[in-house]
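A structural walkthrough
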Amino acid sequence: MAKSSAKFKDTTAEFERLRSEIAAGRFAPLYLLMGEESYFIDTLCDSIAAQALREEERDFNLTTLYGREADAGQVVNLCRQLPMMGSRQVVLLKEAQQLRSLDKLALYTAHPSPATILVVCHKEKNLDKRTQLYKSIAAAGAVLESVRPRDYEIAGWLAQFVASKGCAIDRKALAMLTDHLGTDIAKISNELDKLLLSLPEGTRTITDLHIERNIGISKDFNNFELCKAVTSQNIEQALRIADHFARNPKDNPLLVTIMTLFGQFREIFRINYLRWLSRRKGAAFPSDAELMGILKAGSPYVLNEIKQTAARWDNRNVFRILGLLREYDAKSKGLNAGGASDGELLRELLLKILLP
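All values reported here derive from a predicted model rather than from experimental measurement. (Residues numbered from 1 in each chain as written. Predicted model: local features only at pLDDT ≥ 70, side-chain atom pairs only at ≥ 80, totals over all residues. Heavy atoms only, no water.)

**Overview of a positive patch on the surface**
On the surface, Arg 266, Arg 270, Lys 296 and Arg 326 cluster together into a positively charged patch. Inspection of the secondary structure assignment puts Arg 266 in helix H13 (residues 254-280). You can call Arg 266 partly exposed: its relative accessible area is 38%. (Patch = residues over 30% accessible without salt bridge, like charges linked within 9 Å, V, L, I, M, F, W, Y side chains within 5 Å. Areas by Shrake-Rupley, 256 points an atom, 1.4 Å probe, with all protein chains shown as cover. Salt bridge = Lys/Arg side-chain N within 4 Å of Asp/Glu carboxyl O. Lys, Arg positive; Asp, Glu negative; His and termini not counted. Charge placed at Lys NZ, Arg CZ, Asp CG, Glu CD. Helix = DSSP H or I, 4+ residues; strand = E, 2+ residues; numbered from the N terminus. Buried < 20%, exposed > 50% of the residue type's maximum accessible area, 1.4 Å probe, protein only.)

**Brief notes about helix H11 (residues 223-231)**
The element H11 is largely enclosed, with a buried count of eight among its nine residues. Within H11, burial applies to Asn 223, Phe 224, Glu 225, Leu 226, Cys 227, Ala 229, Val 230 and Thr 231. The N-capping residue of H11, defined by a side-chain oxygen 3.1 Å from the backbone nitrogen of Phe 224, is Asn 222. Once H11 finishes, Gln 233 follows within two positions and takes phi at roughly 60°, a positive value. (Polar contact = N/O pair within 3.5 Å; in protein donor to acceptor, adjacent residues only side chain to side chain.)

**Side note on the packing of aromatic side chains**
Taken as a whole, this structure holds eleven aromatic pairs when the rule is applied. Measuring from ring centre to ring centre gives 5.1 Å for Phe 265 and Trp 313, while their planes differ by 90°; the resulting arrangement is edge-to-face. Residue Phe 265 is found in helix H13, and its partner Trp 313 is found in the loop between helix H15 (300-310) and helix H16 (315-332); the two are separated by 48 residues along the sequence. Assigned by exposure class, Phe 265 and Trp 313 land together as buried. Members of the aromatic cluster, connected to one another through ring pairs, are Phe 8, Phe 15, Tyr 39, Phe 40, Trp 157 and Phe 161. (Phe/Tyr/Trp six-rings, centres within 6.5 Å; stacked < 30°, edge-to-face > 60°.)

**Observations regarding the nonpolar core**
Among the nonpolar cores identified, the biggest contains 45 residues, and Tyr 31, Trp 157 and Ile 206 are the most heavily contacted of them. When residues of this core are assigned to their parent elements, the largest contribution, eight residues, is made by helix H2 (residues 38-52). One finds Leu 291, Leu 295, Trp 313 and Leu 354 within the second-largest nonpolar core, a separate group that totals 38 residues. (Core = buried A, V, L, I, M, F, W, Y, C linked by side-chain atoms within 4.5 Å.)

What follows is the structure in structure tokens.
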């Protein structure tokens, strides 16, 4: 099967479009919600179930099936039934990737009932777009391809998610969350929902202190503060943070720290390379708007901070550091580590970066 060309931004745009349609009461007869990221699939499935039927109708006209326990014939027969005491019924097929003879659903999706909304939740991977089932749903209904975000995409999504809840989040708090929770959107949304419920009334901005108190991430000892200490060449602070990481290895994986440092120095390298092209080759230095796109910077403030940091580093040294980070990335995975612990490897790496 050909690899999907869908991007995370495509997923979020289609997700918002479908959610708006559902909220407005405009439903398709067929929905195919598929892909690796379960958050968007589950959220839309729940929204359809909640919005398409009144509460008193759900006992009679809402059916939930699971792929492992059902078969295609059962799903087709249910979809062809008439609703009881209402104008429509909703059939939710969850874990559809486990349904035997899934392609036989095309017998129904080719000619769906106007009184039934069928929602097919196909997780972990996409349904093959060459199949008749996919083609018939795409023609008569709606398809969401749920793509997981890349590391650099999660911060922007998270900031928008917080904004949708009527709040804001500062840069340090954002970095603490993304480092701690990674790119698992379902996990992030759950943690944020709990955090927002625990905030004092009237809170408008989530800060590092809120994160520390409610999620348990130290506001002083985290990858954001480590990057700040390293790029400002504050070796004492960097080593203090490294010692804290060594005492708490489960909460501070070395691989995540190396990836964070690599991202920071990669940005510095890009800025300085563009400056070199401007000085030596006469190339136009990109505008701030262009730079924000190149560096995936979330705001002009963040961009200005990156530019100021880059000015303090020579790119020959940055290139050396990027090489070190690649070397220690391999060591963090057990290659040529010589039996050193993660804490020892991080301390060794920082000394090589800051005391060349």
